[in-house]
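Topology and contacts: notes
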Amino acid sequence: MVESFSAGVSEKLQYYVYRLIDPRNGETFYVGKGRGNRIFQHLNATKAVDVTSGSPLEIDGEEAPDDDASLKVRRLNEIRKANLNVVHIIHRHGIADQKTAYEVEAALIDAYSGLSNISAGHHSNDRGPMHAQEIEDKYALPEVVFSNEKLILINVNSFDHNSPQELLNRVRYAWRVSRSRASHAEYVLAVIHGIVCGAFVAEEWLAATPENFPEFDETSTQRSGFRGHIAPEDVWDKYVGARGKRLPDADKLKSQNPVKYLGC
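First, a word on scope: everything that follows refers to the structure included in this document. (Residues numbered from 1 in each chain as written. Predicted model: local features only at pLDDT ≥ 70, side-chain atom pairs only at ≥ 80, totals over all residues. Heavy atoms only, no water.)

Considering the overall build of the protein chain
In terms of regular secondary structure, the protein chain is built from 10 helices and 12 strands. Within the span of the protein chain, comprising 264 residues, buried residues form 48% of the whole. By element, 47% of the accessible surface of the protein chain is carried by carbon and sulfur atoms, the whole surface being about 13,700 Å². (Helix = DSSP H or I, 4+ residues; strand = E, 2+ residues; numbered from the N terminus. Buried < 20%, exposed > 50% of the residue type's maximum accessible area, 1.4 Å probe, protein only. Areas by Shrake-Rupley, 256 points an atom, 1.4 Å probe, with all protein chains shown as cover.)

And the structure:
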């Protein structure tokens, strides 16, 4: 089994995008990008730092977050305990620049469901899979106008557009935010594919624990949620309107960070 590339091969590969496959069931459980021997860092990884050591790729000043959950180190350990080897597939190589590598990786992440990648692909929320109506809305809806409000914008997944309460439940739990900073926000805006779809008032930000949020199964002491309610009708009309409003390009959220602060 190949455990590293020779120097000559590494140079020819340039940037590449790869998949990790669980030999027990043939399932792709991780999609990544890299160069050199990045793909083989997973061979002996027992914790996240073993995989993330070295110089991580970054683009537009944004570095992809790697942690125990996103790298699925537990799964790697389980495969080793079964005396099996992870299957390494390089999906596309010879990529000349990081930006293109991110785009290829993002397309693969969108194509495989149930991955251990904790973040969506680069620009997935902006240019990822959408049905025809979402494409029409993305470019045809009126643009939201911001003034001097203190806001938090949060990317969420699709939801039932007839249920603001469902959207509230999606946007209020659970995120990596500064609770002290978030507490200054007047409103929380839910964003889907660059469209503001909901406006809410956060009454209190709390740690994402069972004591604070017994109604949710997921727990993380590193994340937070808020207790709150749907914003008043005039506020909703300003930011959302009848079908949502487009974010100005300058305020688009980067896919690797689903939370953006405006004025707070």
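From this point, things continue past the structure.
Brief notes about the nonpolar core
Counting 39 residues, the largest nonpolar core has I152, I154, V171, W205 and Y239 as its most contacted members. Broken down by secondary-structure element, the contributors of at least two residues to this core are β6 (151-155), α8 (164-171), β8 (187-192), β9 (195-208), α10 (233-239) and β12 (259-262). In terms of residues, this core owes the most to one element, β9, which gives 8 residues. Look past the residues within four positions of W205 in its chain and what remains in contact with it is I152, I154, V177, R179, A182, S183, V188, S224, G225 and F226. (Core = buried A, V, L, I, M, F, W, Y, C linked by side-chain atoms within 4.5 Å. Contact = heavy atoms within 4.5 Å.)

Some points on the sheet that holds strand β5 (residues 87-95)
Taken together, 3 strands build an open sheet; the order of strands is β2-β1-β5 and the sheet is antiparallel. Each having just a single partner strand, β2 (27-34) and β5 make up the two edges of the open sheet. Each strand of the sheet is rotated relative to its neighbour by a mean of 15 degrees, with strand direction disregarded. Taken together, the 7 bridges between strand β1 (residues 15-22) and β2 define a ladder with antiparallel strand orientation. Bridge assignment links Y18 to a residue of β2, and that residue is G32. (Pairing = 2+ DSSP bridges. Axes fitted to C-alpha atoms, helices over the stretch in contact; angles between N-to-C directions.)

Focus on unusual backbone geometry
At the junction of Y173 and A174, the peptide bond is cis and its omega measures out at -10 degrees in the coordinates. Of note, A174 is situated in strand β7 (residues 173-175). One non-glycine residue with positive phi stands out, namely Q14, at about 55 degrees. Positioned with a positive phi, H193 is a non-glycine residue whose angle comes to about 50 degrees. Summarising the element assignment, H193 is placed in the loop between β8 and β9.

Overview of α8
Regarding α8, the residues found buried are L167, L168 and V171. For α8, the arc enclosing every buried residue in end-on projection is 105 degrees, short of the 170-degree limit, so these residues lie on one face. Tucked into the core, α8 has its buried residues touching β6, β7, β8, β9 and β10 (220-230). (Arc of directions from axis to C-beta.)

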